[in-house]
Amino acid sequence: PAYSLTYAQRAERHSNPAAKALLETIERKKSNLCVSVDVAKRADFLRVIDTVGPYVCLIKTHVDIIEDFEPALIERLNELSIKHDFLIFEDRKFADIGNTVALQYSSGVHKIAQWSHITNAHPVPGPSIIVGLSSVGLPLGRGLLLLAEMSTKGSLATGSYTEEAVRMARAHRDFVIGFIAQRRMDGVGASDVSSDEEDFLVLTPGVGLDSRGDSMGQQYRTPDEVVFESGCDVIIVGRGIYGKGNDVDTQTVQAQAERYRKEGWVAYEKRIAR
Ligand code: 5FU
């Protein structure tokens, strides 16, 4: 199964450009760390990214959090992605009808499809959400993750909902490159496709080394639990790396990014050696 292959071996099996580029970047930088940069000010956003850039394969954004957003910020983000060799994932969590999500993805203030290699969607509307988003993203070489599970206490994305998400992904393998989930989805939702042939990426939020959760339902697991025990591919870390994000102490943020990169990589090496 895919989880025992190296990232480099898996890169060769993928034809979606975003999935292939992500796997190649992970291998090149020896990093399965994605930093989620959830800060409200443009200057903090760029400072955190410039600091963690060398240690990540992927930067995750919530661009609608930024209160002083201007289009030139995207140019700065693109420059940093080239300087530090990482991809960009706008965590937009689309959840509407196909026609609406196509507009939300391509247009508005943020024009997400223009700059975000990867984005994600809730499967709740059914397969039409994939059709809508792929009409915009596929011609641009983008990739989509479906939210098959969430990290929060009391999440409703479990059981048959998760299984249906996996079935939806299998039916759209050109554009759906994987899942936001807490474990590998191999064998979830009966299928004709063998789990050797299928190779969805699993990106996992809710990762922290010093805390088990926050006061608003977030739950944290360690990189070892996520990558070694649960077979996930990318760890997504936010506050574990930059705390509250204002008055960023560059040295602390840098040290934390390197710490999570190393933990994630050691867990992966342990997994492929198993
Ligand atoms: F889909 C999900 C999920 O199930 N849990 C999450 O935490 C997404 N997230 C995102 O990951 C959330 O929106 C934050 O941007 C990030 C986690 O941030 P933290 O500071 O590491 O808790």
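Everything quoted here is computed from the prediction, not taken from an experiment.

K.L.:
Now, about the sheet that holds strand E8 (residues 234–237): what can you tell me, with residues and values included?
P.N.:
The eight strands are arranged E1-E2-E3-E4-E5-E6-E7-E8 in a closed barrel whose pairing can be described as parallel. Pairwise comparison of adjacent strand axes, ignoring direction, gives a mean angle of 30° for this sheet. Summarising the sheet, strand E6 (residues 176–180) and strand E7 (residues 201–204) pair through three bridges and their orientation is parallel. From the neighbouring strand, Gly178 faces E7, where its bridge partner is Leu201.

K.L.:
Tell me about the UniProt feature "active site" (unreviewed entry) in the protein, residues and numbers included.
P.N.:
Mapped onto this structure's residue numbering, the UniProt feature "active site" (unreviewed entry) falls at Asp91, Lys93 and Asp96. Among the structural elements, Asp91 can be located in strand E3 (residues 87–94). On the basis of neighbour counts, which here come to 22 C-beta atoms within 10 Å, the residue Asp91 falls in the buried class. Contact partners of Asp91, with chain neighbours within four places excluded, come to Lys60, Thr61, His62 and Asn120.

K.L.:
Now, about the site of the ligand: what can you tell me, with residues and values included?
P.N.:
For the ligand, the set of nearby residues contains 16 residues, the closest of which are Met150, Ser151, Pro205, Gly238 and Arg239. Looking at the shell around the ligand, the elements that each hand over two or more residues are E8 and helix H10 (239–242). Across the shell around the ligand, the residue classes break down as six nonpolar, seven polar and three charged.

How each quantity is defined
Residues numbered from 1 in each chain as written. Predicted model: local features only at pLDDT ≥ 70, side-chain atom pairs only at ≥ 80, totals over all residues. Pairing = 2+ DSSP bridges. Helix = DSSP H or I, 4+ residues; strand = E, 2+ residues; numbered from the N terminus. Axes fitted to C-alpha atoms, helices over the stretch in contact; angles between N-to-C directions. UniProt positions renumbered as here; feature names shortened; annotations may be inferred. Buried ≥ 20, exposed ≤ 12 C-beta atoms within 10 Å, placed from the backbone. Contact = placed C-beta atoms within 7 Å. Near = placed C-beta within 6 Å. Nonpolar A, V, L, I, M, F, W, Y, C, P; charged D, E, K, R; others polar.

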